[in-house]
Amino acid sequence: MITGRAHKFGDNVNTDEIIPARYLNSTNPAELGMHCMEDIDKDFVNRAEPGDLIVAGSNFGCGSSREHAPIAIKAAGVSCVIAKTFARIFYRNAINIGLPILECPEAVDGISDGDKVEVDLNSGTIRNATTGAEFKAKPFPSFMRDIIESGGLINYARQRVIASRG
Amino acid sequence: MGQTITQKILAAHCGREYVEPGELINARVDLVLGNDITAPIAIKEFEKIGAEDVFDRHKIALVPDHSTPNKDIKSAELAKEVRLFARKHNIVNYFEVGRMGIEHALIPDQGLVVPGDLVIGADSHTCTYGAVGAFSTGVGSTDMAAAMALGEVWLKVPEAIKFVYYGRRGKWVGGKDLILYTIGRIGVDGALYSTMEFTGETIKSLPMHGRFTMCNMAIEAGGKNGIIAPDDITMDYMRARAKRTCRIYESDPDAVYKDVIEIDCSRIEPQVSLPNLPENAKTVSEIGDVRIDQAVIGSCTNGRIEDLREAAEVLRSRKVHPDVRLIVIPATQEIYLQAVKEGLAQIFVEAGGVFSTPTCGPCLGGHMGCLAAGERAIATTNRNFTGRMGHPTSEVYLSNPAVAAASAVMGRIASPEEVV
């Protein structure tokens, strides 16, 4: 069970805002995490407590393919991103690196900045503990659940490589 | 049931006759691409997989183009990781500084992508190669790592939107204007997860460089891929370049589209997208008096020789406005040399502009032209997000090369017709 406070953002939060290109000369998660959301919310990394959630509008993570974006969010201590929709490369990257994400427009509308939120990833249930409202996210297709349950794409690929060696 | 060109290419790469939009497939890849920003993470992840070697050293392309020639020690270390990996695994298509170019101009020019291919790249603008009738899409570094090990990628078969362009283009209206107009109409998530299939009589007569520009920006509408069915223009381009056999696919007459959008190109004027989203497209005459500090002509979107010719036509025998820095960046070494031979480099330098070695540099606010607080640029690049070219309070306006050149001369956003 994930529990934390919601940090709300609008539509079209892009990867340049999540992690500006000036920090892409590093691949170090801790370093990237220090600059998470810097150009859209300078104080975000100071306010965010470990376990907090990002709750955003549509097309979250649009723009570049940089995996540094979900890495920075994860390294900043964010436990889960709930959005109305995700841009497709960000969606893949989050699944592949094991950053929990959920698509649920109703939850986004029903959660305010600072609300306490509980998420059960197995059932896709999102509960606003501040208001008591409950929401259900779209379930992942089974193929993606396999990747998530393997612990990300790299573990999935490793299992395939080992299997191919017989 | 009929299939789109995209469905047919995906089906052919998973050994099937038919694939259904929405289904998840594991598809074979013809080329896996990465650059000096995305490949280092992919290499780290590749090592964790435990594969003895890459799946095929001929089917991986590594192009250090973003922070090169290296802007600082940290980016030099990343470029070095890519170089050492390329040497260790004998990667055939590694392009060193001096032989490289911006990946999405270089890869098709080198004939490394051909019609009918399935290409993934750890760079969002990998969708550019749809212009040759290939399926190509951007992915992340972990996807790149898995594909380097397995030669496969998981993909959801996309639904498609068909765009039908008709009517004669105006003199200063090119692929950039058509795509900015289109994104303005459907929005930055108007094609989310979908194929953008560009068709119609205007596309039939659109030269390759304009087709690359259009497919390149499919991602700016959230698209999974942009694609144009191969025709004589495509095959003329491929003939001297293709390193492999071309496989020509086209959409069936009864292919299913989730939407069909018709666009009358005779009514489109040169477009400018205002900060901070590519969807904020307006005609250049609507912009009003917007002063600029910098003009950037180049990038994977508009750094081809035809783009430079268009800019040079406007800049010939003219001077860049005293308050403006003009930066012209040919996309590859071959284009650079061609621009020198044709006298374009001389036109840019005599006008008072910079003529740079190929790099993505300023497009992403990396180097070679970052903006200070409150500064404003017009650029032929692809994104104008907050802080994209530098300081978070700086601004980027997107346009075609002729508009950027005219604006450099006037010191404000201007139509080429005001100058030429």
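What you are looking at is a predicted structure, and each value in this text was computed from that prediction instead of being measured.

A. Region of interest: the overall build of chain A. Each helix and strand counted, chain A has eight helices and seven strands in total. Scaling as 2.2 N^0.38, a compact globule of 166 residues should have a C-alpha radius of gyration of about 15 Å, and chain A matches this with 16 Å. Each of the three principal axes of chain A carries a C-alpha extent, and together these read 55 × 40 × 25 Å. By the burial criterion, 51% of the 166 residues in chain A qualify as buried.

B. Examining the overall build of chain B more closely. When its secondary structure is counted, chain B shows 15 helices and 18 strands. A compact globule built from 420 residues would reach a C-alpha radius of gyration of about 22 Å, and chain B, at 20 Å, matches this within 12%. When burial is assessed residue by residue, chain B has 62% of its 420 residues classed as buried. Within chain B, counting contacts between residues at least 6 apart in sequence, those at least 24 apart form 77% of the total.

C. Focus on unusual backbone geometry. All names here are of chain B. With an omega dihedral of -20°, the bond running from threonine 68 to proline 69 counts as a cis peptide bond. Locating proline 69 in the fold gives a position in the loop between β3 (60-63) and α3 (73-88). Note the cis peptide between proline 275 and asparagine 276, where omega equals 0°. Within the secondary structure, asparagine 276 is located in the loop between β12 (271-273) and β13 (281-283). Even without being a glycine, serine 317 presents a positive backbone phi close to 60°. With respect to the helices and strands, the residue serine 317 is situated in the loop between α11 (305-315) and β15 (325-328). What makes serine 317 exposed here is the crowd of 7 C-beta atoms within 10 Å.

D. Looking closely at the environment of glutamate 106 of chain A. If you trace the backbone, glutamate 106 of chain A turns up in helix α6 (residues 105-109). As for glutamate 106 of chain A and lysine 136 of chain A, which are separated by 30 residues in sequence, their C-alpha atoms are 8.4 Å apart.

E. Just the interface of chain B and chain A, in detail. Taken together, the contacts link 46 residues of chain B with 37 residues of chain A. Elements with a contribution of two residues or more to the side of chain B that touches chain A: α2 (39-49), α3 and α5 (141-150) of chain B. A per-class count over the side of chain B that touches chain A returns 21 nonpolar, 14 polar and 11 charged.

F. Seen up close, the domain arrangement of chain B. Residue and element names in this part refer to chain B. Domain boundaries in chain B define domain 1 (5-263) and domain 2 (272-418). Tallying the contact residues gives 35 residues for domain 1 and 33 residues for domain 2. Sort the elements by how many residues they give to the side of domain 1 that touches domain 2 and helix α6 (residues 175-186) lands first, with six residues.

G. Fine view of the pairing of strand β18 (residues 395-398) of chain B. Residues and elements named next belong to chain B. The alternating pattern of β18 places Glu395 and Tyr397 and Val396 and Leu398 on opposite faces, both of which are buried. With four bridges connecting them, strand β17 (residues 376-379) and β18 associate as parallel partners. Within the sheet, the bridge partner assigned to arginine 376 lies in β18 and is glutamate 395.

H. Structural context of helix α9 (residues 232-239) of chain B. Residues and elements named next belong to chain B. Within α9 the residues assigned to the buried category are Thr234, Tyr237 and Met238. All buried residues of α9 lie within an arc of 95° about the axis, which places them on one face of the element. Opposite its buried face, α9 presents the exposed residues Asp232, Asp236 and Arg239, each directed more than 90 degrees away. Here the buried face of α9 lies against α8 (208-216).

I. Summary view of the packing of α2 of chain B against α5 of chain B. Residue and element names in this part refer to chain B. The interhelical angle for the contact between α2 and α5, taken along N-to-C directions, is 50°, at an axis separation of 8 Å. With respect to their mutual orientation, α2 and α5 come out oblique. Helix-helix and strand crossings are classified by hand; for α2 and α5 the assignment is right-handed. Judged by residue contacts, Ile41, Ala42, Glu45, Phe46 and Ile49 of α2 engage Ser141, Thr142, Met144, Ala145, Met148 and Ala149 from α5. Each residue belonging to the contact of α2 with α5 can be placed in one class, and the counts come to eight nonpolar, two polar and one charged.

J. Just the sheet that holds strand β4 (residues 93-94) of chain B, in detail. Residues and elements named next belong to chain B. If you trace the five strands from one edge of the open sheet to the other, you get β4-β3-β2-β5-β6, paired in parallel fashion. Taken across any chain shown, the strands that pair with only one partner, and hence form the sheet edges, are β4 and β6 (135-138). Pairing geometry for β3 and β4, over two bridges, is parallel. Considered in β4, the bridge of leucine 62 is made with tyrosine 94.

K. The confidence of the model for chain B, seen in detail. Confidence along chain B averages 98 in pLDDT terms, with 100% of residues attaining 70 or more. Overall fold confidence (pTM) sits at 0.97, and the ipTM for the predicted complex is 0.95.

L. Structural view of the nonpolar core. Core analysis: the largest hydrophobic core is formed by 197 residues, its most contacted members being Val81 and Ile82 of chain A. Counting the residues that make up this core, at least three belong to each of domain 1 (5-263) and domain 2 (272-418) of chain B. Valine 81 of chain A has contacts with Ile54, Ala56, Phe60, Ile73, Leu99 and Ile101 of chain A, leaving out every residue within four places of it along the chain.

M. The arrangement of the environment of arginine 28 of chain B in detail. All names here are of chain B. Mapped onto the elements, arginine 28 comes out in strand β1 (residues 24-28). C-alpha of arginine 28 to C-alpha of valine 119: the two residues are 91 residues apart in sequence and 9.2 Å apart in space. Residue contacts for arginine 28: discarding those within four places in its chain leaves His13, Leu118, Gly151 and Glu152.

N. Representation of the sheet that holds strand β2 (residues 53-56) of chain A. All names here are of chain A. If you walk across this open sheet you meet the seven strands as β4-β3-β2-β1-β5-β6-β7, and the pairing is mixed. Pairing within the sheet leaves two strands with one partner each, and these edge strands are β4 (101-103) and β7 (134-136). Here the average twist between neighbouring strands, direction ignored, is 25°.

O. Layout of the pairing of strand β11 (residues 259-264) of chain B. Residues and elements named next belong to chain B. A small share of β11 lies buried, amounting to zero of its six residues. Note that strand β8 (residues 160-166) and β11 share six bridges and pair parallel. Bridge pairing in β11 links tyrosine 166 to aspartate 264.

P. Structural detail: α2 of chain B. Judged by how many residues are buried, α2 of chain B sits mostly within the fold: eight of 11 residues are covered. All buried positions along α2 of chain B are accounted for by Ala39, Pro40, Ile41, Ala42, Ile43, Glu45, Phe46 and Ile49 of chain B. Against the buried residues of α2 of chain B lie α8 (153-164) of chain A together with β2 (31-35), β3, α3 and α5 of chain B.

Procedures and definitions
- Position numbers for residues count from 1 along each chain, tracking the sequence in the order it is written.
- Working convention: letters from A go to chains and numbers from 1 go to ligands, in the order in which they are written.
- Given that this is a predicted model, residues contribute local features only at a pLDDT of at least 70 and side-chain atom pairs are listed and counted only at 80 or more, while totals for whole chains, interfaces and linings are drawn from all residues.
- A run of DSSP states H or I qualifies as a helix once it reaches four residues; a run of E qualifies as a strand once it reaches two. Both are numbered from the N-terminal end.
- Between the two quantities, the radius of gyration covers C-alpha atoms and the globule rule is 2.2 Å times the number of residues to the power 0.38.
- In this scheme the burial state of a residue depends on its C-beta neighbours within 10 Å: 20 or more other such atoms mean buried, 12 or fewer mean exposed, and anything in between means partly exposed; the C-beta positions come from the backbone.
- Any two residues are considered in contact once their C-beta atoms, placed from the backbone, lie within 7 Å.
- Put simply, Ala, Val, Leu, Ile, Met, Phe, Trp, Tyr, Cys and Pro go in the nonpolar bin, Asp, Glu, Lys and Arg in the charged bin, and everything else, Gly too, in the polar bin.
- Domain start and end points were adopted from an automatic or database domain assignment.
- Any two strands are treated as partners once DSSP identifies two or more bridges connecting them.
- Arc, as used here, means the arc of the directions from the helix axis to the C-beta atoms.
- For every element, the axis is a line fit to its C-alpha atoms; helices are fit only across the contacting stretch, and the angle between N-to-C directions ranges from 0 to 180 degrees.
- The labels follow the angle: roughly parallel below 35 degrees, roughly antiparallel above 145, roughly perpendicular from 65 to 115, and oblique for the rest.
- Take the far helix as your reference; a near helix turned counterclockwise from it by less than a right angle gives a left-handed crossing, and one turned clockwise gives a right-handed crossing.
- Note: pLDDT gives the predictor's confidence per residue, expressed from 0 to 100.
- Put simply, a nonpolar core is a cluster of buried Ala, Val, Leu, Ile, Met, Phe, Trp, Tyr and Cys residues tied together by C-beta atoms within 7 Å.

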